[in-house]
Amino acid sequence: MFEIGPFEYTFKNNTKKVFCDEKIIINEKEVVLITGPSGSGKSTLLQMLKGIIPKYTSGEFKGQILYKGKSLDGESFQQNLKDILFLFQNPFAQLIYPHVAEEFFFSMENFNFTHEQMDKKREELESSFNLDAFWRKKTTELSHGECQKLVLASLLAIDPQVLLLDEPTAFLDPEARADFYNWLKKIKGSQIIIVVDHHLDEILPLVDQVLHVSRSGEVTQASQQLEEAQKINTVNLFAPQAQKNEAVQLTLTQIYFHYPDQAQLLEDVSLKASSGEILVIKGKNGKGKSSLLKILAGIIKPLSGTIELKKNNRIVPLKNHFKEIGFIFQNPESHFFYDTIEEELKAFANRDDLKILLGLFFKDIDLKRSPFLLSEGEKRRLSILMTVFLNKSILLYDEPTFGQDQESISIIREMILQLKNTGKIQILISHDDNFIESLTDNVFELVDGQLQRLK
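First things first, this report covers the structure right here in the doc.

Calculation rules
Residues numbered from 1 in each chain as written. Predicted model: local features only at pLDDT ≥ 70, side-chain atom pairs only at ≥ 80, totals over all residues. Heavy atoms only, no water. Helix = DSSP H or I, 4+ residues; strand = E, 2+ residues; numbered from the N terminus. Rg over C-alpha atoms; globule rule 2.2 N^0.38 Å. Buried < 20%, exposed > 50% of the residue type's maximum accessible area, 1.4 Å probe, protein only. Contact = heavy atoms within 4.5 Å. Areas by Shrake-Rupley, 256 points an atom, 1.4 Å probe, with all protein chains shown as cover. Lys, Arg positive; Asp, Glu negative; His and termini not counted. Charge placed at Lys NZ, Arg CZ, Asp CG, Glu CD. Core = buried A, V, L, I, M, F, W, Y, C linked by side-chain atoms within 4.5 Å. Polar contact = N/O pair within 3.5 Å; in protein donor to acceptor, adjacent residues only side chain to side chain. Phe/Tyr/Trp six-rings, centres within 6.5 Å; stacked < 30°, edge-to-face > 60°. Pairing = 2+ DSSP bridges. Axes fitted to C-alpha atoms, helices over the stretch in contact; angles between N-to-C directions.

**Some thoughts on the overall build of the protein**
Right, on to step 1. A tally of helices and strands in the protein yields 14 helices and 21 strands.
Right, on to step 2. Against the 2.2 N^0.38 benchmark of 23 Å for 455 residues, the protein shows a C-alpha radius of gyration of 23 Å, consistent with a compact globule.
Right, on to step 3. Taken over the C-alpha atoms alone, the protein extends approximately 70 × 50 × 40 Å along its principal axes.
Right, on to step 4. Taking all 455 residues of the protein together, 57% fall into the buried category.
Right, on to step 5. Considering only contacts in the protein between residues 6 or more positions apart, those separated by 24 or more positions represent 72%.
Right, on to step 6. Surface exposure of the protein reaches about 20,500 Å², of which carbon and sulfur atoms provide 46%.
Right, on to step 7. The averaged location of the 63 negative side-chain charges in the protein is 5 Å from the averaged location of its 53 positive side-chain charges.

Here is the structure:
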């Protein structure tokens, strides 16, 4: 079905390339896993298989990638719109309509499905994706996990021959992730599925073939998984000026919240944290975890309840909380304002500890590059750096490890542990149990609007 390579794709300004020196064949109805370090070019390879590259990009492509013996560009691109469907790493980038129902039906309407066919597809996909749980929501109110489910269900509804899935489990809670892999097992053999995924233990048993993209961008066939966890050398990541060591206390008391015309989301939520503590909040998708962090950050207001912040035993006025709280959004693009990475980091440019983390996080990154052109994993790491170096007393992380390879996760873990020693309060949302286990014993789960302590 696919003949890949030899090919070479060079990004604009020759900053990076993805290439394949030998021909790789993907057969009908195979499940193919793409692995490799974050930022190596896995998403770029998926875009080539869709035909987005080179049709809609400014880089230079040489060589060939064929689908059913034909190039993916030109007339073939239009012919393959229904056959080859792509789930982006950031599912919100694919939303068009303001309501879930409209979004779900859009693709089917576009391909002239009848009302009866559309209703039947909704019924078929309901059990796999629990659509009823968020069917009446606005798309702006969806969690990332709910958004992933919605976009994937809407793609499957039109029966594609090829599914390109970029980190489809990145924002799913463990139960939803298990449901996804069970669904993948059930549909295996019905179409080609090509997937980028870092949950290797769970997906490898379902895979027929593994492609690996090296840090240099070389695409090769792999007989076994090539990625292994890499530990960084113990090094002081932060210079002395990062040491704040003020006594900080954060107290939430009886927080209630729901969105307009929606059921209660948070109900009697109370929480305390002190200097040097790391707290993790777990829970199913769409249950209010991100909303709770937004309340802590002052982005949205609770319907009732209080948030008290003390610094050196003095109460910080609510209007000044933003000066002490840094928020790493679930969507990293929410952090970016400038045309280049260099401009985004200009305020911290002379700090040696920034240079250390830049070297660990990005290797040979071109600081003149637009932050919006980075891979999703690189965007996440940049958003973390931009927030950490603001030297806030409290750091809120919404899914800090999404899109990360094991080496990058190790660096993020070491960074958080060293920030703990500076006296910062750090509160994280994460579905990565191994990551959580290595950080803290302060773990909570948000269940039915209330926080329950797990350990």
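**What to know about the nonpolar core**
Right, on to step 1. Counting 43 residues, the largest nonpolar core has Phe-104 and Trp-183 as its most contacted members.
Right, on to step 2. Broken down by element, the residue count for this core peaks at seven residues, all from helix 6 (residues 144–156).
Right, on to step 3. Discounting chain neighbours no more than four positions away, the residues touching Phe-104 are Lys-121, Arg-122, Leu-125, Leu-131, Trp-135, Leu-150, Ala-153, Ser-154 and Ala-157.
Right, on to step 4. Of all hydrophobic cores here, the second largest spans 34 residues; its members include Leu-358, Leu-385, Ile-409 and Ile-412.

**Here's the deal with the side chain of Glu-146**
Right, on to step 1. By secondary structure assignment, the location of Glu-146 is in helix 6.
Right, on to step 2. Engagement of the side chain of Glu-146 in a polar contact is seen with the backbone nitrogen of Ser-143, the distance being 3.0 Å.
Right, on to step 3. The contacts of Glu-146, once residues within four sequence positions are left out, are Phe-134, Lys-137, Glu-141, Asn-285 and Gly-286.

**Describing the packing of aromatic side chains**
Two numbers describe a pair of aromatic rings. These are the distance of the centres and the angle of the planes.
Right, on to step 1. By the definition in use, this model includes 16 aromatic pairs.
Right, on to step 2. Aromatic pair Phe-2 and Tyr-67: ring centres 5.0 Å apart, planes at 40°, arrangement tilted. Of this pair, Phe-2 sits in strand 1 (residues 2–10) while Tyr-67 sits in strand 5 (residues 60–67); the two residues are 65 residues apart in sequence, bridging distant segments of the chain.
Right, on to step 3. Overall, the relative accessible area of 0% leaves Phe-2 in the buried class.

**Here's the deal with the environment of His-431**
Right, on to step 1. Topologically, His-431 is positioned in the loop between strand 19 (425–429) and helix 14 (433–437).
Right, on to step 2. Exposure remark for His-431: the relative accessible area of 5% places this residue in the buried category.
Right, on to step 3. Spatially, the C-alpha atoms of His-431 and Pro-400 are 10.0 Å apart, while their sequence positions differ by 31 residues.
Right, on to step 4. Those residues in contact with His-431, other than ones at most four positions away along the chain, are Phe-171, Leu-172, Asp-173, Pro-174, Arg-177, Gly-283, Asn-285, Lys-289 and Glu-399.
Right, on to step 5. Separated by 3.3 Å, the side chains of His-431 and Glu-399 make a polar contact.

**Describing the sheet that holds strand 21 (residues 450–453)**
Right, on to step 1. Read from one edge to the other, the open sheet built from six strands follows the order 17-18-19-14-20-21, with strand pairing classed as mixed. If you trace the sheet from one side to the other, it starts and ends with strand 17 (325–328) and strand 21, each paired once. Along the sheet, successive strands turn relative to each other by an average axial angle of 20°, direction set aside.
Right, on to step 2. Helix-sheet contacts for helix 9 (residues 289–297) involve strand 14 (278–282), strand 17, strand 18 (394–398), strand 19, strand 20 (442–447) and strand 21, and the interaxial angle to strand 18 is about 155°.
Right, on to step 3. Contacts from helix 12 (residues 376–388) reach strand 17 and strand 18 within the one sheet, and its direction differs from that of strand 17 by about 175°.

**Observations concerning the pairing of strand 10 (residues 209–213)**
Right, on to step 1. Counted residue by residue, strand 10 has five buried out of five residues, so it is predominantly covered.
Right, on to step 2. Side chains of strand 10 alternate between two faces, with Gln-209, Leu-211 and Val-213 and Val-210 and His-212 buried alike.
Right, on to step 3. Of the pairings in the sheet, the one linking strand 4 (residues 31–35) to strand 10 comprises four bridges and is parallel in character. Along strand 10, the bridge assignment pairs Val-32 with Gln-209.
Right, on to step 4. The hairpin formed by strand 10 and strand 11 (residues 219–222) contains five residues between the paired strands, and Gly-217 there has a positive phi angle of roughly 95°.

**A look at unusual backbone geometry**
Phi is mostly negative for residues that are not glycine, and the peptide bonds are mostly trans.
Right, on to step 1. Cis rather than trans, the peptide bond between Gly-5 and Pro-6 has omega equal to -5°.
Right, on to step 2. Within the secondary structure, Pro-6 is located in strand 1.
Right, on to step 3. In this structure, Pro-54 follows Ile-53 across a cis peptide bond, with omega equal to 10°.
Right, on to step 4. Mapped onto the elements, Pro-54 comes out in helix 2 (residues 52–55).

Function cannot be inferred from these measures alone, as they are strictly geometric.
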